[in-house]
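This is what each chain is made of:
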Amino acid sequence: MAAVVEGTGLTKRFGAGDATVVAVDSVNIRIEAGELVMIMGDSGCGKTTLISLLGCILTPDAGELRIDGEPIDPVNEDLSVIRHEKIGFVFQLFHLLPYLTALENVMVAMDIASTKTDAAERRATELLTQVGLRERFHHRPAQLSGGEKQRVSFARALANRPKIVFADEPTANLDSRQSDNLMNLIQELRREYQTTIAIVTHHEGLKENADRIIHMKDGRIVTA
Amino acid sequence: MKTLFLKDMRYRQARVVLTTLGITMLISLILLLGGIMNGMRIQARQYVASTGADIWISAEGSGGAFIGFSMVVEEYMAFLNSWQGLVPDSASPLVFAQARPTVHGKSTKAIVVGYKLGQLGGPKQVIANEGRMFTPSNFEDYRPEDPVPYEVVVDEKMSLEIGEQITLGNEKVKVVGKAKSRMFVLDTPLIFMDVRIAQKLLLGNTPHVNMMIAKTNKNEQPVRIAADLDALETIEARTLKQTLGDIIAYYVDEPMKAVQFLRVMLWLVAGNLVGMITYVTMLEKTQEIGVLKAIGGSDNYVMGLLLKQVVLISVVGVVLGLILSYLFAAAAPIFVAINFVESIIVAGISFVVCCGSGYLAARKAIAVDPMIAFRGEI
Ligand SMILES: Nc1ncnc2c1ncn2[C@@H]1O[C@H](COP(=O)(O)OP(=O)(O)O)[C@@H](O)[C@H]1O
Ligand SMILES: [Mg+2]
């Protein structure tokens, strides 16, 4: 099987001198096409840092990264292009733009990728319908529940047909019913779009949905 | 989505409107101050230019006809009537003095112009159907004890009617006619009268005048003639051009230096205002900017969004400022003449200043780390 994301020896340090924190320490990781991977571990063990490296938001201090088979050169490449062409993000706190409706929030992702407005609107309509928000197209984030906001986030993350979606604690701000619904949605989206998904989570209860669990401790991947 | 930046602005409506109004008011202030100075310049020129005189003669050491204190004895000026290069007999005595006439019981500002009717220095006739010229006194064989008719012709803009009396010094004079308005700097109206009455009322009834003015022959260079006359021991002579320059420097540019300085300050304030508000807005938007970058927005994309807002606010603010300044100018209690070309230049500079400071603030804002999207509220 082809690796969608492959990191070798990935290392990221923060701070300097005595205060240096090695947030991610020589991590080797492969995520295969179509997989649903969950990354678990204690708070502060480096999960967010790892997916930021894999999602080209952070550049590693050492190590190599391939996305979709292509090596990434963080110095000479415009990482923003990789981010909007190949990667989708879902954040714990949703981070929808408050001044835009659900539909427009999904369209922004495509606007960034220079998609024409009418094509973007068609796709945003389709995605929001898929995530069950047919009745909420023109609602602002302030008028949506947490679960609904996270659905809009997933629709936004999928807008540019990414190779992989990274979700950082997507259920942490949802109640258990909302988070079950979201997991069901994620399974449905995988069936529909064959998207590769990596989810960072604390919720032991979500484990059963994963194809594979990656455990982290002190910046390293450990075998459970 | 071409209207993305507009949606953002609508969401922050109150702030956008306030910023725009702030720019509008600053721009119109800058333009009004310019208009006031321009109005002063126009008024500083219009009387002097209207006299038709090419040469202005004042006492030695006065620094120019309208600048320092100047008194010349008119009799000694008889030689001017046959001076080579001057139109024969064109030399005219002139009293030009600030005065505080009492009009309708109120002390007001005005300038008394005493001249010889028919000579240079004042109107040859009144406005049609607005009275008549004052009766000239006997000039040539005048003796101080001779009676003179206390008659004046006033600027049409003074709210005076024919037949009314005003008080000048201790004397009452009668308004007999109205002259076309030639207000001096800061809307100071002119009161025209016979030179002998001016001497009686303002100069202690002595045969002095403040200056002599004359015309040069058509084919002569005023500069050369002024230089020849200036070489004489007792007088200074200047051309019309020099005199206009003196007046503008003395009555407008010098006293208005502080205002010029203020205008530059206002520009800085306008730039600062836009920069500050953009910056504060950007701080508030840090999270949003971080998210836009995290989901793949390039620096240019985010910059585009922010700059469109800055440019729109600046354009609207500047254009409204332009319009408002013309409205204010029309309604102002003093003469304000906004120069169109200058207003366009001011608008241009203001636009650049506003956009520039907005750009600086935006550049700082887009430097935010997209990692911020993974963190909570900041
Ligand atoms: N920008 C940063 N500056 C300094 N230290 C950081 C920064 N980001 C993360 N860290 C540190 O790196 C470690 C890993 O953080 P993180 O990846 O957020 O952990 P997790 O997501 O597993 O809770 C933590 O010790 C954290 O304090
Ligand atoms: Mg984390």
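Bear in mind the structure is a predicted one, so any value in this text is a computation, not a measurement.

So, the overall build of chain A
- The helix and strand tally for chain A stands at 6 helices and 10 strands.
- A globule of 224 residues ought to have a C-alpha radius of gyration of about 17 Å, and chain A, at 17 Å, matches this closely.
- Counting only C-alpha atoms and orienting by the principal axes, one finds that chain A spans roughly 50 × 40 × 40 Å.
- The buried share of chain A, reckoned over its 224 residues, is 54%.
- A sequence separation of at least 24 residues applies to 72% of the contacts in chain A between residues at least 6 apart.

Observations concerning the pattern of salt bridges
Residues and elements named next belong to chain B.
- Evaluation of the coordinates by the stated rule reveals 27 salt bridges over all chains.
- Glu74 is the partner of Arg196 in a salt bridge, and the nearest nitrogen-oxygen pair spans 2.8 Å. Linking Arg196 in helix H3 (residues 195-202) with Glu74 in the loop between strand E2 (72-73) and strand E3 (92-99), this pair joins segments that are 122 residues apart in sequence. The burial state of Arg196 is the same as that of Glu74; both residues are buried.
- Salt-bridge contacts for Lys178 lead to Glu161; the nearest nitrogen and oxygen are separated by 3.7 Å. On the criterion of sequence distance, the pair formed by Lys178 in strand E9 (residues 171-179) and Glu161 in the loop between strand E7 (151-155) and strand E8 (165-168) is long-range, its members being 17 residues apart.
- Its relative accessible area of 8% is what places Lys178 among the buried residues.
- The class of Glu161 is partly exposed, set by a relative accessible area of 46%.
- Salt bridges sharing partners connect three or more residues here, namely Asp8, Arg12, Arg15, Glu284, Lys285 and Glu288.

So, the environment of Ala33 of chain A
Residue and element names in this part refer to chain A.
- By secondary structure assignment, the location of Ala33 is in the loop between strand E2 (21-32) and strand E3 (36-41).
- In this structure Ala33 comes out as partly exposed when scored by relative accessible area, which is 40%.
- Sequence spacing of Ala33 and Phe166 is 133 residues, and the spatial spacing of their C-alpha atoms is 13 Å.

Some details on the interface of chain A and chain B
- The interface is formed by 27 residues belonging to chain A together with 25 residues belonging to chain B.
- Carbon and sulfur atoms make up 69% of the area that chain A and chain B hide from each other, which totals about 2,500 Å².
- The interface formed by chain A and chain B contains 1 salt bridge.
- For Glu104 of chain A, the salt bridge goes to Lys7 of chain B, with nearest N and O atoms at 2.8 Å.
- Taken together, chain A and chain B are joined by 8 residue pairs in polar contact (both at pLDDT 80 or more).

Section: the packing of aromatic side chains
Residue and element names in this part refer to chain B.
- One pass over the full model with this rule turns up 15 aromatic pairs over all chains.
- Seen in terms of ring centroids, Phe79 and Trp83 are 5.8 Å apart; in terms of plane orientation they differ by 75°. Their pairing is edge-to-face.
- Residue class for Phe79 comes out partly exposed when judged on its relative accessible area of 31%.
- Overall, Trp83 belongs to the partly exposed group, its relative accessible area being 23%.
- An aromatic cluster is present here, built from Tyr47, Trp56, Phe66, Phe96, Tyr115, Phe134, Phe184, Phe192, Tyr250 and Tyr251 joined pairwise through their rings.

Structural notes on the domain arrangement of chain B
Residues and elements named next belong to chain B.
- By the assigned domains, chain B splits into domain 1 (4-43 + 255-374) and domain 2 (50-253).
- A C-alpha centroid distance of 49 Å is found between domain 1 and domain 2.
- With 10 residues of domain 1 at the contact, the number on the domain 2 side is 11 residues.
- With both sides pooled, the region where domain 1 packs onto domain 2 buries about 910 Å², and carbon together with sulfur makes up 54% of that total.
- Sorting the residues of domain 1 by area buried against domain 2 places Met40, Arg41 and Gln43 first, and these three jointly supply 64% of that buried surface.
- The interface formed by domain 1 and domain 2 contains 1 salt bridge.
- The partner of Asp253 in a salt bridge is Arg41, and the shortest N-O contact between them spans 2.8 Å.
- Counting across the interface, domain 1 meets domain 2 through 7 residue pairs in polar contact (both at pLDDT 80 or more).
- Considered class by class, the residues forming the side of domain 1 that touches domain 2 number 7 nonpolar, 1 polar and 2 charged.

Concerning a negative patch on the surface
- Judged by side-chain charge, Glu70, Asp73, Glu77 and Asp78 of chain A come together as a negatively charged surface patch.
- With respect to the helices, strands and loops of the structure, Asp78 of chain A is situated in the loop between strand E5 (70-71) and helix H2 (79-86).

So, the environment of Val95 of chain B
- With respect to the secondary-structure elements, Val95 of chain B resides in strand E3.
- The residues contacting Val95 of chain B, other than those within four sequence positions of it, are Val112, Val113, Gly114, Val195, Ala198, Gln199, Leu203, His208, Val209 and Asn210 of chain B.

Here's the deal with the site of ligand 1
- Close to ligand 1 lie Phe14, Val21, Ala23, Asp42, Ser43, Gly44, Cys45, Gly46, Lys47, Thr48 and Thr49 of chain A together with Arg375 of chain B, which account for all nearby residues.
- At the site occupied by ligand 1, the surrounding residues belong to chains A and B.
- Between an oxygen atom of ligand 1 and a main-chain N or O atom of Gly44 of chain A, the distance comes to 2.7 Å.
- Arg375 of chain B has a polar side-chain atom sitting 3.4 Å from a nitrogen atom of ligand 1.
- Mapped onto the shell around ligand 1, the elements with two or more residues apiece are E2 and helix H1 (47-54) of chain A.
- The dominant element in the shell around ligand 1, judged by the number of residues it contributes, is H1 of chain A, at 3 residues.
- For the shell around ligand 1, a count of residues per class yields 4 nonpolar, 5 polar and 3 charged.

Considering the packing of helix H4 (residues 117-130) of chain A against helix H6 (residues 176-193) of chain A
Residues and elements named next belong to chain A.
- Viewed as axis vectors pointing N to C, H4 and H6 meet at an angle of 130°, and their least axial separation amounts to 11 Å. Relative to H6, H4 is oriented oblique. Here H4 contributes Arg123, Glu126, Leu127 and Gln130 to the contact with H6, which in turn contributes Leu185, Glu188, Leu189, Glu192 and Tyr193.
- A class-by-class count of the residues in the contact of H4 with H6 yields 4 nonpolar, 1 polar and 4 charged.

Notes on the side chain of Arg196 of chain B
- In this structure Arg196 of chain B comes out as buried when scored by relative accessible area, which is 3%.
- The contacts of Arg196 of chain B, once residues within four sequence positions are left out, are Glu74, Ser137, Asn138, Phe139, Tyr142 and Val148 of chain B.

The rules we used
- Residues numbered from 1 in each chain as written.
- Chains lettered and ligands numbered in written order.
- Predicted model: local features only at pLDDT ≥ 70, side-chain atom pairs only at ≥ 80, totals over all residues.
- Heavy atoms only, no water.
- Helix = DSSP H or I, 4+ residues; strand = E, 2+ residues; numbered from the N terminus.
- Rg over C-alpha atoms; globule rule 2.2 N^0.38 Å.
- Buried < 20%, exposed > 50% of the residue type's maximum accessible area, 1.4 Å probe, protein only.
- Contact = heavy atoms within 4.5 Å.
- Salt bridge = Lys/Arg side-chain N within 4 Å of Asp/Glu carboxyl O.
- Buried area = accessible area lost by both parts, 1.4 Å probe.
- Polar contact = N/O pair within 3.5 Å; in protein donor to acceptor, adjacent residues only side chain to side chain.
- Phe/Tyr/Trp six-rings, centres within 6.5 Å; stacked < 30°, edge-to-face > 60°.
- Domains from an automatic or database assignment.
- Nonpolar A, V, L, I, M, F, W, Y, C, P; charged D, E, K, R; others polar.
- Patch = residues over 30% accessible without salt bridge, like charges linked within 9 Å, V, L, I, M, F, W, Y side chains within 5 Å.
- Areas by Shrake-Rupley, 256 points an atom, 1.4 Å probe, with all protein chains shown as cover.
- Lys, Arg positive; Asp, Glu negative; His and termini not counted.
- Charge placed at Lys NZ, Arg CZ, Asp CG, Glu CD.
- Near = heavy atom within 4 Å.
- Axes fitted to C-alpha atoms, helices over the stretch in contact; angles between N-to-C directions.
- Parallel < 35°, antiparallel > 145°, perpendicular 65-115°, else oblique.

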